[in-house]
Amino acid sequence: YTQHCHTFLLQLPHIHYLPTTFFFLMIRRPPRSTLSSSSAASDVYKRQAMVFGAAMLLLSVDMVTEFGQLLVSQKGCDKQRFVAAMAGFASGRFHEYTGSAIDLHQGVAKILTELENIDFLLMGPIGKDTIQTMLKLLVETDIKRIVDAYAAIYSRNAHQIYEALFEVIKLGKHSSTLESKAVDAVTCFIVGGSKLEDRPKMIFDAFDHDGNGTLGQEESKRFVLAVEQILSGVTHDTITSHATFFCNHVVVSSTAVLFDIAAEDQAEGDDHSELKLQNAWALFGLGGGLSEEVTFTILEQKYGLDREAARQASCKMQDKLTEGKGDAFTRMVVPFVRNVEQSCGPPAK
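Residues numbered from 1 in each chain as written. Predicted model: local features only at pLDDT ≥ 70, side-chain atom pairs only at ≥ 80, totals over all residues. Heavy atoms only, no water.

**Looking at the overall build of the chain**
Point 1. When its secondary structure is counted, the chain shows 15 helices and two strands.
Point 2. Of all 349 residues assigned to the chain, the portion counted as buried reaches 34%.
Point 3. Pairs at least 24 apart in sequence give 64% of the contacts found in the chain among residues at least 6 apart.
Point 4. In the form shown here, the chain has an accessible surface area of approximately 20000 Å², with 59% of it arising from carbon and sulfur atoms. (Helix = DSSP H or I, 4+ residues; strand = E, 2+ residues; numbered from the N terminus. Buried < 20%, exposed > 50% of the residue type's maximum accessible area, 1.4 Å probe, protein only. Contact = heavy atoms within 4.5 Å. Areas by Shrake-Rupley, 256 points an atom, 1.4 Å probe, with all protein chains shown as cover.)

So, in structure tokens, the structure goes:
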């Protein structure tokens with residue numbers, strides 16, 4: 001197990017760190033006699049999970065550092081060049097880092113699917129079969145395709161975020177380009193280049209545009225407005241992207257799954273199905289948080305069913321959720337994810 005993990009991590013383009021290798025060499029496989037739900041085996045697996053957490057941390061540090069270095073390279077550039085550089089980083093290196101993070105999570109899931117004992121993953125009412133289905137779904141789903149579809153939506157309005165970031169980095173100064181002093185003050189905590197005790201003064205001097213040793217109201221006001229602008233841009237783009245992705249992919253995919261469950265063939269041997277609203281209401285009662293009493297009352301009043309018929313209609317939908325599939329997760333979530341994946345266009349490169 002440890003050898004598989006180690007080999008997988010070294011295949012990632014941004015995980016070539018000695019600490020990761022060292023951690024793996026320190027971890028030993030538990031004896032076969034402990035491969036159960038015992039605390040000893042569980043502790044070993046938890047330590048191995050921590051290694052992947054460390055790998056994700058190193059990957060994040062690598063990404064942030066490279067972004068800081070990109071900002072440093074923008075000294076003296078104007079807004080147009082800065083926006084182009086940010087867009088290039090988002091579609092290039094950031095996209096690669098995101099892909100590596102997805103590969104890392106799917107690699108962990110694949111290793112877990114190969115274990116005979118996954119009792120240490122059990123959570124409350126979620127059974128072993130459902131956990132195995134979740135892991136298999138995580139491994140087999142083209143997550144990159146889904147992320148790329150969302151990123152394409154987000155990037156349509158991302159220029160407003162990059163423009164606001166340009167104003168923030170100017171630290172409230174009226175100028176058409178980024179000054180070295182301001183860029184160094186913003187990036188000193190990311191890429192270093194100065195002593196830790198000197199950095200507060202660097203930041204203050206970058207805000208002190210007049211060089212009089214004080215921070216003027218206008219200087220502070222312009223910076224605060226720029227920060228407000230970038231927060232507004234991020235909020236607007238995030239809400240817009242969520243709404244667009246939800247309407248284009250989530251609603252369509254979930255509707256298809258619910259239709260498949262609530263639909264019935266029109267006649268014996270007829271492959272053409274149509275939605276039966278009575279089933280839809282019964283299904284809504286099961287998954288919408290309604291009590292049995294409310295669900296039965298709806299079916300009775302809307303479709304003229306007596307209490308026993310309403311109960312049978314509800315039980316019919318319950319059976320259909322699990323019929324031949326094992327559980328509701330497999331019946332609903334798995335096809336939903338498959339539908340979302342298919343709706344996001346061709347497979348990611």
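**A closer look at the packing of helix α4 (residues 79-91) against helix α5 (residues 93-113)**
Point 1. Direction vectors running N to C along α4 and α5 enclose 25°, while the axes themselves pass 3 Å from each other. On the basis of their axis angle, the class for α4 and α5 is roughly parallel. Taken together, the residues of α5 that come into contact with α4 (itself represented by G88, F89, A90 and S91) are R93, F94 and H95.
Point 2. Taken together, the residues of the contact of α4 with α5 break down into three nonpolar, three polar and one charged. (Axes fitted to C-alpha atoms, helices over the stretch in contact; angles between N-to-C directions. Parallel < 35°, antiparallel > 145°, perpendicular 65-115°, else oblique. Nonpolar A, V, L, I, M, F, W, Y, C, P; charged D, E, K, R; others polar.)

**Description of the confidence of the model for the chain**
Point 1. Counting all residues, the mean pLDDT for the chain is 78, and 77% of those residues have values of 70 or more.
Point 2. In the predicted structure, residues 13-38 sits below a pLDDT of 50 and forms 46 contacts with residues beyond four places in sequence or in another chain. (pLDDT = per-residue confidence, 0-100.)

**Some thoughts on empty space enclosed by the protein**
Point 1. Applying the stated criterion to the full structure yields one cavity of 30 Å³ or more.
Point 2. In this structure, the largest cavity encloses a volume near 30 Å³.
Point 3. Lining of the largest cavity is provided by K170, K173, E179, K181, A182, A206 and H209.
Point 4. The class makeup of the residues in the lining of the largest cavity is two nonpolar, one polar and four charged. (1 Å grid on protein atoms, 1.4 Å probe; cavity = no way out; pocket = protein on both sides within 12 Å on 5 of 7 lines; lining within 4 Å. Points joined across faces, edges and corners; volume = space filled by probe spheres on them.)

**Some details on the environment of A149**
Point 1. The topology assignment puts A149 in helix α7 (residues 143-155).
Point 2. Residue classification places A149 among the buried positions, given a relative accessible area of 12%.
Point 3. Expressed as a C-alpha distance, the spacing of A149 and F245, which sit 96 residues apart in the sequence, is 8.1 Å.
Point 4. Setting aside residues up to four positions removed in sequence, A149 forms contacts with F245, H249 and C344.

**Side note on unusual backbone geometry**
Of all residues except glycine, most have a negative phi; of all peptide bonds, most are trans.
Point 1. One non-glycine residue with positive phi stands out, namely L171, at about 55°.
Point 2. You can see L171 is positioned in the loop between α8 (159-169) and α9 (180-191).

**Some words on the layout of surface pockets**
Point 1. In this structure, the largest pocket occupies an estimated 810 Å³ of space.
Point 2. Among the secondary structure elements, those contributing two or more residues to the lining of the largest pocket are α3 (39-72), α4, α5, α7 and α8.
Point 3. Looking at which element gives the most residues to the lining of the largest pocket, the answer is α7, with seven residues.
Point 4. The residue inventory of the lining of the largest pocket, partitioned by class, reads 19 nonpolar, five polar and one charged.

**What to know about the side chain of E341**
Point 1. Considering the arrangement of structural elements, one finds E341 in helix α15 (residues 328-343).
Point 2. On the accessibility criterion, E341 (8% relative accessible area) is buried.
Point 3. When residues no more than four places from it in sequence are discounted, the contact partners of E341 are T141, D142, R145 and I146.

**What about the nonpolar core?**
Burial of nonpolar side chains together is a common tendency in soluble globular proteins.
Point 1. By size, the foremost hydrophobic cluster in this structure holds 20 residues, and its most contacted members are F82, M86, L165, I169, L178 and I230.
Point 2. Mapped by element, the contributors of at least two residues to this core are α3, α4, α8 and α11 (217-262).
Point 3. With seven residues, α8 is the single largest residue contributor to this core.
Point 4. With near-sequence residues (within four places) excluded, F82 lies in contact with L71, Q74, C77, Y162, L165, F166, I169 and L178. (Core = buried A, V, L, I, M, F, W, Y, C linked by side-chain atoms within 4.5 Å.)

**As for the environment of L305**
Point 1. Topologically, L305 is positioned in the loop between α13 (292-303) and α14 (307-322).
Point 2. Once residues lying within four places of it in the same chain are set aside, the contact partners of L305 are Q278, L299, E300 and A310.

**A short note on the pattern of salt bridges**
Point 1. Considering all chains together, one arrives at 13 salt bridges under this definition.
Point 2. R338 is the partner of E140 in a salt bridge, and the nearest nitrogen-oxygen pair spans 3.2 Å. Placement of E140 in helix α6 (residues 128-140) and of R338 in helix α15 is noted, with a sequence separation of 198 residues between them.
Point 3. With a relative accessible area of 44%, E140 lands in the partly exposed category. (Salt bridge = Lys/Arg side-chain N within 4 Å of Asp/Glu carboxyl O.)

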